[in-house]
Structures are given as C-alpha cells and as structure tokens.
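One-letter residues, chain by chain:
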Amino acid sequence: MSDRWYVEHDGRVLVTHDGDTITLPAEDEVTVPVQRYNERTLRGTAVVFGQAELDEHPHEWPRKDDLVHDPDSSRLLRHAISASLFRPVCGVVVRNGDEILLVKPKRGVASGVWTLPGGFLHAFEQPAEGARREVREETGLEITDVSLEATVSYTHDTQPYPILGLGFTAHPASEDIQLQAGEIDDAKWEPAEAAVEHSYGLARKVLRDLLEGSSP
C-alpha cells in the first residue's frame, strides 16, 4: 500500500494539510477518481502518481507552480512536483554515408555504454541548438541538416523523474573528432545495423526508426 498520492489535473494538485504544512494526501483522503500512471519512492515514502478524472477544472486546488514557492509546502510535496516534470534530452544520429557516430560516456547513466552523442537541454534552449551544442561539446564536430525524427518518454531506475527524449538526425560539417575531456571515453563510426546492437534507450529507438524507414 502506498503512503501518499500525487494527484494532478491541468497543472493543479490535490493536497492536504498537516497542521500548517501543505503535503500529499494519504489514499483515504483522495476522494476523486484517479488514473494511476506511476509509482515512485521519494524520501523513503511510496508515492502513487495519477491524473484526476474530473468533468470540471479544479479551481480550488493550488497550482503546482505556486506550491513549489510556498514556504508551507512539505519537502515531500516539492520533491513529488519535481518528479512529475519531464526533463528534455536530445540524442543525435550523425550520419556519414552509411555509418553512424557513437560515443562512450565516462559518467552518467550511459557510462561505459555505446550511445548517441547528446544530453540534457539547457533552460530556454531551442532543441535543435541543444543538439548541435551537445555534439560539438562531446566530439568537437559541427553538424548540419539537423532534423527531429523521433520522440520517446522513459525513466531510469536511479532517477525519479521522467525523461522526454528528442531524437535528431544530422550530417557532419567537419571531420576531426576531439573528445570532451572527462566526459567521453571513446567515439567511433559504425554501420547503422551494428549501432543498434551497441546502443540502448533513446539511441536504439531513434536508430531503429531510421532503419525501418520512418526517417529519411
């Protein structure tokens, strides 16, 4: 049985009060129908995440954007709101003829694994510009013909928040690979079919779409 529930509808959150503290309701305090979509352990508490199924907008519920700034909000509530937000990540299929550029990061969730160059977008950064920046930072290459070809949402066991993966294709506009010190252990050009087998997650999704003909 879960300890607390995070219930949202149109950016508003169902909350309860523990004295002066605003926090997440227990299951018996959730009096609206809810479509559950995930469960996470946050700060040692099992939290169910769900979407309220309502016919009307819950004007009386506080906005999640206001709750994160409210000094009376509990740390668990703030953590749950943070965990409900997608983090945008880009991955780039850099194509040189029939070969794909793969990199092997030194740290992070893809440490030691062959994957596509890419990473988290900066705040207010345009996705295509983030794709160019990540390829440049990790490999020293400039890219052209940047095109969004696939999207996928996923989570990692070590991270409580969902990730929105943006898969791009591009072509190299320069030739010399210069690996980012401390970040990338190795890089190689590999045939697309082999690259699928040596990648995972967003990288594998984008590469499979490419090989199946959904990308030019």
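Q: How should I be thinking about the overall build of the protein in this particular structure?
A: When helices and strands are tallied, the protein shows five helices and 12 strands. The principal-axis extents of the C-alpha atoms in the protein amount to approximately 60 × 35 × 30 Å. In the protein, which comprises 216 residues, the share counted as buried stands at 44%. Of the roughly 11500 Å² of accessible surface on the protein, 45% is carried by carbon and sulfur atoms. Each charge sign in the protein was given a centre, from 21 positive and 38 negative side chains, and these centres are 4 Å apart.

Q: Help me understand the nonpolar core, please; the structure alone is not making it clear to me.
A: A general tendency of soluble globular proteins is for nonpolar side chains to be buried together. Membership of the largest hydrophobic core comes to 16 residues, with the highest contact counts inside it found for Val92, Val94, Ala131, Val135, Ile143, Val146 and Phe168. When residues of this core are traced back to their parent elements, those giving at least two are β7 (87-96), β8 (99-105), α3 (127-139), β10 (143-154), β11 (163-172) and β12 (184-191). Every residue in contact with Val94, bar those within four places of it in the chain, is listed here: Glu99, Ile100, Leu101, Pro117, Val135, Ile143, Ala170, His171, Pro172 and Trp189. Judged by nonpolar contacts, the second largest core, of 14 residues, contains Val15, Ala80, Ile81 and Ala83.

The rules we used
Residues numbered from 1 in each chain as written. Predicted model: local features only at pLDDT ≥ 70, side-chain atom pairs only at ≥ 80, totals over all residues. Heavy atoms only, no water. Helix = DSSP H or I, 4+ residues; strand = E, 2+ residues; numbered from the N terminus. Buried < 20%, exposed > 50% of the residue type's maximum accessible area, 1.4 Å probe, protein only. Areas by Shrake-Rupley, 256 points an atom, 1.4 Å probe, with all protein chains shown as cover. Lys, Arg positive; Asp, Glu negative; His and termini not counted. Charge placed at Lys NZ, Arg CZ, Asp CG, Glu CD. Core = buried A, V, L, I, M, F, W, Y, C linked by side-chain atoms within 4.5 Å. Contact = heavy atoms within 4.5 Å.

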